[in-house]
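Breakdown of the fold
As a plain string of letters, each chain reads:
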Amino acid sequence: MRGPRSAGPGVEGRFHTEMMGLYDRFAALGFRPVLLRRFVLLNGGVAAAKELVFKPGTTGLERLLDAGKPELSMEALMLRSEYRGLFADLELKEASQRLASASRSRSRGRLQAKPTERT
């Protein structure tokens with residue numbers, strides 16, 4: 001596994017700003033992730049994402065999926081091309097897997113065949 005790729009402070013600063021903006025995006029959907037916001041404030045956006053991506057249930061991904069907005073998630077933000085260089089391969093893989101598995105588990109419950117009547 002490789003470590004984090006180098007990225008300029010400008011990219012890291014933009015990522016931090018976008019991580020802070022997640023709170024506002026979530027709030028517009030009726031969810032206020034106060035702990036996420038505080039964690040980002042205390043640790044910085046990149047450090048927060050690196051830690052939270054390995055802690056299920058901490059990023060609001062499930063709520064965003066329920067709202068049909070996975071593109072607003074921290075995981076999706078990490079996978080954007082301009083920010084990929086801030087993260088190690090393992091962190092990016094985890095973000096990708098979380099998005100994929102959460103999407104699959106959500107869609108599985110919604111696609112149910114109706115029972116047919118036998119006469």
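1. A look at the overall build of the protein
- Looking only at helices and strands, the protein has 6 helices and 0 strands in total.
- Reading the helices (α) and strands (β) of the protein from amino to carboxyl end gives α-α-α-α-α-α.
- Per-residue burial for the protein yields a buried fraction of 35% across its 119 residues.
- In the protein, once contacts between residues fewer than 6 apart in sequence are set aside, the share between residues at least 24 apart is 67%.
- Within the structure as shown, the protein displays about 7,500 Å² of accessible surface, and the carbon and sulfur contribution to it stands at 53%.

2. What about the confidence of the model for the protein?
- Taken as a whole, the protein shows an average pLDDT of 81; of its residues, 77% reach a score of 70 or greater.
- Contacts for the low-pLDDT stretch residues 1-6, under 50 throughout, to residues beyond four places or in other chains number 16 contacts.
- Counted against residues more than four places away or in other chains, residues 107-119, with its pLDDT under 50, gives 2 contacts.

3. Concerning helix α3 (residues 45-52)
- Those residues of α3 not exposed but buried are Gly45, Val46, Ala48, Ala49 and Leu52. The buried residues of α3 all sit within an arc of 165° when viewed along its axis, so they share a single face.

4. A short note on the packing of aromatic side chains
- Throughout the structure, instances matching the rule amount to 3 aromatic pairs.
- Their ring planes at 70° and their centres at 5.2 Å tell us that Phe15 and Phe87 sit as a pair that is edge-to-face. You can see Phe15 sitting in helix α1 (residues 9-28) and its partner Phe87 sitting in the loop between α5 (74-79) and α6 (89-110), a full 72 residues away along the chain. For the pair formed by Phe15 and Phe87, the shared burial category is buried.
- Site record: aromatic cluster; members linked through ring pairs are Phe15, Tyr83 and Phe87.
- Cation over ring: Arg37 sits above Tyr23, and NZ or CZ is 5.3 Å from the ring centre.

5. Remarks on the packing of helix α2 (residues 34-43) against α3
- Where α2 meets α3, the axes come as close as 7 Å, and the angle between the chain directions of the two elements is 125°. When the axes of α2 and α3 are compared, the pair comes out oblique. Considering only the axes of α2 and α3, their crossing is right-handed. Residues Leu36, Phe39, Val40 and Asn43 of α2 form the contact with α3, whose participating residues are Gly45, Ala47, Ala48, Glu51 and Leu52.
- Classifying every residue of the contact of α2 with α3 gives 6 nonpolar, 2 polar and 1 charged.

What counts, and at which threshold
Residues numbered from 1 in each chain as written. Predicted model: local features only at pLDDT ≥ 70, side-chain atom pairs only at ≥ 80, totals over all residues. Heavy atoms only, no water. Helix = DSSP H or I, 4+ residues; strand = E, 2+ residues; numbered from the N terminus. Buried < 20%, exposed > 50% of the residue type's maximum accessible area, 1.4 Å probe, protein only. Contact = heavy atoms within 4.5 Å. Areas by Shrake-Rupley, 256 points an atom, 1.4 Å probe, with all protein chains shown as cover. pLDDT = per-residue confidence, 0-100. Arc of directions from axis to C-beta. Phe/Tyr/Trp six-rings, centres within 6.5 Å; stacked < 30°, edge-to-face > 60°. Lys NZ or Arg CZ within 6 Å of the ring centre and 35° of its normal. Axes fitted to C-alpha atoms, helices over the stretch in contact; angles between N-to-C directions. Parallel < 35°, antiparallel > 145°, perpendicular 65-115°, else oblique. Left-handed = near helix turned anticlockwise from the far one by under 90°. Nonpolar A, V, L, I, M, F, W, Y, C, P; charged D, E, K, R; others polar.

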